[in-house]
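# Summary of the model geometry
So you can see what is in the structure, the chains are spelled out below.
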Amino acid sequence: MNRRRFFMLAGTAGIIGAVVIGWWLISPLFIDTVVDEAFPFDVPSKDEMAQMSNDEMKKLEAEFETAMPSMETLAELSESDRNTVEERVMTAAAAMPDHDMEEEKPEDVEPTAVLRGKFMGADGSHQGSGDATIYRIPGVGHVLRLENFNVTNGPALSVLLSPAPSPRSSDDLGGYIDLGPLKGNIGSQNYEIAPIHDVAQFKSVVIYCVPFRVVFATANLAQP
(Lines give C-alpha, C1' and ligand atoms only; values in the text may rest on other atoms or scores of the structure.)
Protein backbone atom coordinates (compact mmCIF):
# COMPACT_ATOMS: atom_id res chain seq x y z
CA MET A 1 0.00 0.00 0.00
CA ASN A 2 1.47 3.32 -0.98
CA ARG A 3 1.83 6.11 1.51
CA ARG A 4 -0.81 8.33 -0.09
CA ARG A 5 -3.48 5.62 0.07
CA PHE A 6 -2.54 4.89 3.69
CA PHE A 7 -3.05 8.52 4.73
CA MET A 8 -6.36 8.70 2.82
CA LEU A 9 -7.69 5.63 4.67
CA ALA A 10 -6.45 6.94 7.99
CA GLY A 11 -8.09 10.30 7.36
CA THR A 12 -11.39 8.69 6.41
CA ALA A 13 -11.35 6.54 9.56
CA GLY A 14 -10.63 9.62 11.64
CA ILE A 15 -13.56 11.51 10.10
CA ILE A 16 -15.92 8.58 10.69
CA GLY A 17 -14.73 8.29 14.30
CA ALA A 18 -15.26 12.00 14.90
CA VAL A 19 -18.75 11.82 13.44
CA VAL A 20 -19.65 8.82 15.62
CA ILE A 21 -18.30 10.46 18.79
CA GLY A 22 -20.00 13.74 17.93
CA TRP A 23 -23.33 12.02 17.32
CA TRP A 24 -22.99 10.12 20.61
CA LEU A 25 -22.40 13.39 22.45
CA ILE A 26 -25.19 15.48 20.93
CA SER A 27 -27.84 12.88 20.11
CA PRO A 28 -29.38 12.97 23.61
CA LEU A 29 -30.35 16.54 22.83
CA PHE A 30 -32.50 15.47 19.91
CA ILE A 31 -33.72 11.94 20.66
CA ASP A 32 -36.60 11.53 23.12
CA THR A 33 -36.55 8.68 25.59
CA VAL A 34 -40.06 7.51 26.39
CA VAL A 35 -40.58 5.99 29.84
CA ASP A 36 -43.85 4.66 31.21
CA GLU A 37 -43.14 3.57 34.77
CA ALA A 38 -45.89 2.87 37.26
CA PHE A 39 -46.00 4.78 40.55
CA PRO A 40 -43.41 2.69 42.48
CA PHE A 41 -45.37 2.08 45.66
CA ASP A 42 -47.52 -0.84 46.74
CA VAL A 43 -50.00 -0.13 49.52
CA PRO A 44 -50.44 -3.02 51.97
CA SER A 45 -53.93 -4.28 52.67
CA LYS A 46 -55.91 -2.84 55.60
CA ASP A 47 -55.39 -6.10 57.53
CA GLU A 48 -51.62 -5.87 56.99
CA MET A 49 -51.55 -2.23 58.07
CA ALA A 50 -53.61 -3.05 61.17
CA GLN A 51 -50.85 -5.41 62.30
CA MET A 52 -48.04 -2.87 61.77
CA SER A 53 -46.31 -1.15 64.67
CA ASN A 54 -46.10 2.65 64.88
CA ASP A 55 -42.51 2.54 63.62
CA GLU A 56 -43.52 0.36 60.67
CA MET A 57 -46.37 2.73 59.83
CA LYS A 58 -44.02 5.75 59.94
CA LYS A 59 -41.63 3.91 57.63
CA LEU A 60 -44.48 3.09 55.22
CA GLU A 61 -45.60 6.73 55.14
CA ALA A 62 -42.02 7.90 54.56
CA GLU A 63 -41.68 5.47 51.64
CA PHE A 64 -44.91 6.82 50.16
CA GLU A 65 -43.69 10.43 50.43
CA THR A 66 -40.36 9.48 48.84
CA ALA A 67 -42.04 7.64 45.96
CA MET A 68 -44.34 10.53 45.10
CA PRO A 69 -43.02 12.47 42.07
CA SER A 70 -41.81 16.03 42.59
CA MET A 71 -43.62 19.07 41.20
CA GLU A 72 -40.75 19.54 38.74
CA THR A 73 -41.17 16.00 37.45
CA LEU A 74 -44.94 16.42 37.11
CA ALA A 75 -44.49 19.68 35.21
CA GLU A 76 -42.43 17.86 32.57
CA LEU A 77 -45.09 15.21 31.92
CA SER A 78 -47.75 15.41 29.26
CA GLU A 79 -51.30 16.01 30.46
CA SER A 80 -52.20 12.37 29.82
CA ASP A 81 -49.19 11.03 31.75
CA ARG A 82 -49.77 13.51 34.58
CA ASN A 83 -53.40 12.38 34.88
CA THR A 84 -52.29 8.74 35.02
CA VAL A 85 -49.74 9.45 37.74
CA GLU A 86 -52.27 11.53 39.66
CA GLU A 87 -54.79 8.68 39.61
CA ARG A 88 -52.21 6.20 40.91
CA VAL A 89 -50.97 8.53 43.65
CA MET A 90 -54.48 9.47 44.80
CA THR A 91 -55.49 5.79 44.95
CA ALA A 92 -52.44 4.98 47.05
CA ALA A 93 -53.00 7.99 49.33
CA ALA A 94 -56.65 7.12 49.93
CA ALA A 95 -55.61 3.65 51.11
CA MET A 96 -53.12 5.04 53.63
CA PRO A 97 -54.23 5.25 57.28
CA ASP A 98 -55.93 8.40 58.56
CA HIS A 99 -53.94 10.99 60.50
CA ASP A 100 -55.74 12.03 63.68
CA MET A 101 -55.04 15.39 65.33
CA GLU A 102 -56.49 16.71 68.59
CA GLU A 103 -54.93 20.08 69.34
CA GLU A 104 -56.44 22.13 72.12
CA LYS A 105 -57.80 25.60 71.45
CA PRO A 106 -55.38 28.31 72.65
CA GLU A 107 -56.64 29.43 76.07
CA ASP A 108 -54.00 31.86 77.35
CA VAL A 109 -56.54 34.64 76.81
CA GLU A 110 -60.12 34.65 75.62
CA PRO A 111 -60.13 34.22 71.80
CA THR A 112 -62.70 36.06 69.68
CA ALA A 113 -64.12 34.40 66.55
CA VAL A 114 -63.93 36.82 63.61
CA LEU A 115 -64.68 34.51 60.67
CA ARG A 116 -66.32 31.11 60.53
CA GLY A 117 -67.40 28.52 57.98
CA LYS A 118 -68.23 24.85 57.39
CA PHE A 119 -66.31 22.50 55.14
CA MET A 120 -67.79 20.73 52.16
CA GLY A 121 -66.18 18.39 49.65
CA ALA A 122 -65.03 19.65 46.26
CA ASP A 123 -66.55 16.69 44.37
CA GLY A 124 -67.63 13.09 44.73
CA SER A 125 -64.07 11.83 45.17
CA HIS A 126 -62.89 14.54 47.57
CA GLN A 127 -65.05 14.92 50.66
CA GLY A 128 -64.73 17.24 53.64
CA SER A 129 -66.69 18.23 56.75
CA GLY A 130 -66.22 20.17 59.95
CA ASP A 131 -65.81 23.75 61.14
CA ALA A 132 -63.20 26.38 60.25
CA THR A 133 -62.88 29.41 62.53
CA ILE A 134 -60.42 32.29 62.51
CA TYR A 135 -59.86 33.60 66.04
CA ARG A 136 -58.29 36.87 67.14
CA ILE A 137 -56.19 36.29 70.25
CA PRO A 138 -54.87 39.36 72.09
CA GLY A 139 -51.09 39.34 72.26
CA VAL A 140 -50.89 36.43 69.80
CA GLY A 141 -52.66 37.45 66.58
CA HIS A 142 -54.99 35.41 64.40
CA VAL A 143 -55.24 31.63 64.45
CA LEU A 144 -57.22 29.35 62.11
CA ARG A 145 -58.75 26.43 63.99
CA LEU A 146 -60.31 23.35 62.41
CA GLU A 147 -62.76 21.41 64.59
CA ASN A 148 -64.83 18.25 64.02
CA PHE A 149 -62.70 18.08 60.90
CA ASN A 150 -62.55 15.23 58.39
CA VAL A 151 -61.26 15.25 54.81
CA THR A 152 -60.43 12.57 52.26
CA ASN A 153 -56.84 11.45 52.71
CA GLY A 154 -54.48 12.66 50.01
CA PRO A 155 -50.85 13.38 49.18
CA ALA A 156 -49.11 16.64 50.16
CA LEU A 157 -52.26 18.43 51.36
CA SER A 158 -51.91 22.06 52.47
CA VAL A 159 -54.19 24.53 54.23
CA LEU A 160 -54.82 27.69 52.20
CA LEU A 161 -56.66 30.93 52.81
CA SER A 162 -58.19 32.22 49.57
CA PRO A 163 -59.80 35.57 48.72
CA ALA A 164 -62.27 33.67 46.52
CA PRO A 165 -65.45 31.97 47.78
CA SER A 166 -66.01 28.29 46.89
CA PRO A 167 -62.91 27.74 44.71
CA ARG A 168 -63.13 24.50 42.77
CA SER A 169 -59.81 24.53 40.92
CA SER A 170 -56.36 26.12 41.04
CA ASP A 171 -57.59 28.80 38.64
CA ASP A 172 -60.20 29.91 41.21
CA LEU A 173 -57.85 30.36 44.17
CA GLY A 174 -56.69 33.90 43.48
CA GLY A 175 -54.00 35.44 45.68
CA TYR A 176 -54.05 32.80 48.39
CA ILE A 177 -51.66 32.24 51.29
CA ASP A 178 -50.39 28.81 52.34
CA LEU A 179 -50.56 28.14 56.09
CA GLY A 180 -48.52 24.96 55.75
CA PRO A 181 -49.06 21.21 55.40
CA LEU A 182 -52.28 19.74 56.76
CA LYS A 183 -51.40 18.21 60.14
CA GLY A 184 -54.00 15.46 59.92
CA ASN A 185 -56.96 14.58 57.76
CA ILE A 186 -59.08 14.01 60.88
CA GLY A 187 -59.38 16.00 64.10
CA SER A 188 -58.94 19.47 65.61
CA GLN A 189 -55.88 21.54 64.68
CA ASN A 190 -54.53 25.11 64.77
CA TYR A 191 -52.69 27.21 62.18
CA GLU A 192 -51.15 30.59 62.96
CA ILE A 193 -51.73 33.43 60.48
CA ALA A 194 -48.84 35.87 60.05
CA PRO A 195 -49.75 39.39 61.27
CA ILE A 196 -48.89 40.90 57.88
CA HIS A 197 -52.13 39.45 56.48
CA ASP A 198 -55.50 41.16 56.75
CA VAL A 199 -57.84 38.25 57.50
CA ALA A 200 -60.86 40.26 56.33
CA GLN A 201 -59.73 39.71 52.71
CA PHE A 202 -60.10 35.93 52.88
CA LYS A 203 -63.36 34.32 51.83
CA SER A 204 -62.55 30.62 52.16
CA VAL A 205 -60.33 27.98 53.73
CA VAL A 206 -59.13 25.44 51.18
CA ILE A 207 -57.62 21.98 51.64
CA TYR A 208 -55.43 21.69 48.56
CA CYS A 209 -53.17 19.06 47.01
CA VAL A 210 -50.20 21.18 45.95
CA PRO A 211 -48.33 18.92 43.47
CA PHE A 212 -51.46 17.94 41.52
CA ARG A 213 -53.26 21.28 41.99
CA VAL A 214 -56.45 19.60 43.22
CA VAL A 215 -58.97 21.16 45.63
CA PHE A 216 -60.15 18.59 48.21
CA ALA A 217 -62.48 20.67 50.40
CA THR A 218 -63.49 24.27 51.06
CA ALA A 219 -65.11 26.27 53.85
CA ASN A 220 -66.59 29.65 52.95
CA LEU A 221 -65.90 32.24 55.64
CA ALA A 222 -68.31 34.81 57.04
CA GLN A 223 -68.66 36.83 60.20
CA PRO A 224 -70.24 34.75 62.99
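Residues numbered from 1 in each chain as written. Predicted model: local features only at pLDDT ≥ 70, side-chain atom pairs only at ≥ 80, totals over all residues. Heavy atoms only, no water.

### What to know about the overall build of the protein
The line we're drawing: A run of H or I in DSSP becomes a helix once it reaches four residues, and a run of E becomes a strand once it reaches two; helices and strands are each numbered from the N terminus. Three exposure classes are used, based on accessible area relative to the maximum for each residue type with a 1.4 Å probe and protein chains only: buried under 20%, partly exposed in between, and exposed over 50%. What makes two residues a contact is simply this: any of their non-hydrogen atoms within 4.5 Å. Values of accessible area rely on a 1.4 Å probe in the Shrake-Rupley scheme; residue burial ignores everything except the protein chains shown.
When its secondary structure is counted, the protein shows five helices and nine strands. Ordered by position in the sequence, the α and β elements of the protein form the string α-α-α-α-α-β-β-β-β-β-β-β-β-β. Relative to its 224 residues, the protein shows a buried fraction of 37%. Taking contacts inside the protein between residues at least 6 apart in sequence as the whole, the part at least 24 apart equals 65%. Summed over all atoms, the accessible surface of the protein reaches about 13,900 Å², with 53% contributed by carbon and sulfur.

### Points about the packing of aromatic side chains
What counts, and what does not: The pairing test for Phe, Tyr and Trp rings, Trp by its six-membered ring, is centres within 6.5 Å, and the orientation test on the planes gives stacked under 30 degrees, edge-to-face over 60, and tilted for anything in between. Only Lys NZ and Arg CZ are tested; either one counts as a charge over a ring when it is within 6 Å of the ring centre and within 35 degrees of the ring normal.
Scanning all chains against the criterion turns up one aromatic pair. Positioned over the ring face of Y191 is K183, at 4.8 Å from the centre of the ring.

### Re the sheet that holds strand β3 (residues 128-137)
Selection rule: Two strands qualify as a pair provided that DSSP identifies no fewer than 2 bridges between them. An axis is simply a line fitted to the C-alpha atoms; with a helix, the fit covers only the stretch in contact. Between two such axes, the angle follows the N-to-C directions and lies from 0 to 180 degrees.
As summarised here, the arrangement of the nine strands in space is β1-β7-β4-β3-β2-β9-β8-β5-β6, forming an open sheet in which the pairing is mixed. Each end of this open sheet is capped by a strand with a single partner; those strands are β1 (100-102) and β6 (177-181). Within the sheet, the average angular offset between the axes of one strand and its neighbour, ignoring direction, is 30°. In this structure, strand β2 (residues 112-121) lies alongside β3, joined through six bridges in antiparallel fashion. Bridge assignment links K118 to a residue of β3, and that residue is D131.

### Examining the nonpolar core
Selection rule: Nonpolar core, defined: a set of buried Ala, Val, Leu, Ile, Met, Phe, Trp, Tyr and Cys residues in which side-chain atoms within 4.5 Å join the residues together.
In this structure, F119, I134, L144, L161, L182, V205 and I207 are the most contacted members of the largest nonpolar core, which totals 40 residues. Here the element with the most residues in this core is helix α5 (residues 79-95); it accounts for five residues. Other than its neighbours up to four places away in sequence, I207 contacts F119, F149, V151, L157, S158, V159, L182, V214, V215, F216 and A217. Counting residues in hydrophobic clusters, the runner-up holds six residues, among them A122, L160, L173 and V206.

### Section: a negative patch on the surface
How we decide: Two distance rules govern patches: like charges are joined within 9 Å, and nonpolar side chains (Val, Leu, Ile, Met, Phe, Trp, Tyr) within 5 Å, applied only to residues with over 30% relative accessible area and no salt bridge. By salt bridge we mean one thing: a side-chain nitrogen of Lys or Arg within 4 Å of a carboxyl oxygen of Asp or Glu. Positive charges are assigned to Lys and Arg, negative charges to Asp and Glu, while His and the chain termini are left out of the count. Where a charge lies is defined by one atom per residue type: Lys uses NZ, Arg uses CZ, Asp uses CG and Glu uses CD.
A grouping of D98, D100, E102 and E104 is seen on the molecular surface, where their side chains present a negatively charged patch. If you trace the backbone, D98 turns up in the loop between α5 and β1.

### Topic: α5
For clarity, the threshold we go by: By this rule, a helix spans an expected 1.5 Å times one less than how many residues it contains. Note that the arc is computed from the directions linking the helix axis to the C-beta atoms.
The end-to-end C-alpha distance of α5 is 24 Å, a good match for the 24 Å that 17 residues give at a rise of 1.5 Å each. Residues V85, E86, V89, M90, A92 and A93 constitute the buried set of α5. Summarising the axial view, the buried residues of α5 lie within an arc of 165°, below the 170-degree limit, and thus occupy one face. The exposed set on the far side of α5, more than 90 degrees from its buried face, consists of E87 and T91. Of the surrounding secondary structure, the elements contacted by the buried residues of α5 are α3 (54-67), α4 (71-76), β8 (204-209) and β9 (214-220).

### Observations concerning the confidence of the model for the protein
Under the convention used in this document: The quantity known as pLDDT measures the predictor's confidence residue by residue, on a range of 0 to 100.
Scored by pLDDT, the protein has a mean of 80; 79% of the residues are at 70 or more. Note that pLDDT drops below 50 for residues 23-38; the model gives that stretch three contacts with residues more than four away or on any other chain.

### Thoughts on the pairing of strand β4 (residues 141-151)
Here β3 pairs with β4 via nine bridges, running antiparallel. Paired with S129 across the bridge in β4 is N150. Adjacent in sequence and paired antiparallel, β3 and β4 are bridged by three residues, among which G139 carries a positive phi angle near 80°. Looking at chain direction, β4 and strand β7 (residues 186-193) are connected through six bridges and run antiparallel. In the sheet register, N150 faces β7, and the bridge partner there is I186.

### Regarding the environment of V151
Tracing the backbone through its elements, the reader meets V151 in strand β4. C-alpha of V151 to C-alpha of G184: the two residues are 33 residues apart in sequence and 8.9 Å apart in space.

### Description of unusual backbone geometry
If you check the backbone angles, S166 has positive phi at about 50° while not being a glycine. A residue is classified by how much of its surface remains accessible, and S166, at 32% relative accessible area, is partly exposed. Positive phi, normally seen in glycine, also occurs at R213, with a value near 55°. Take R213: it is sitting in the loop between β8 and β9.

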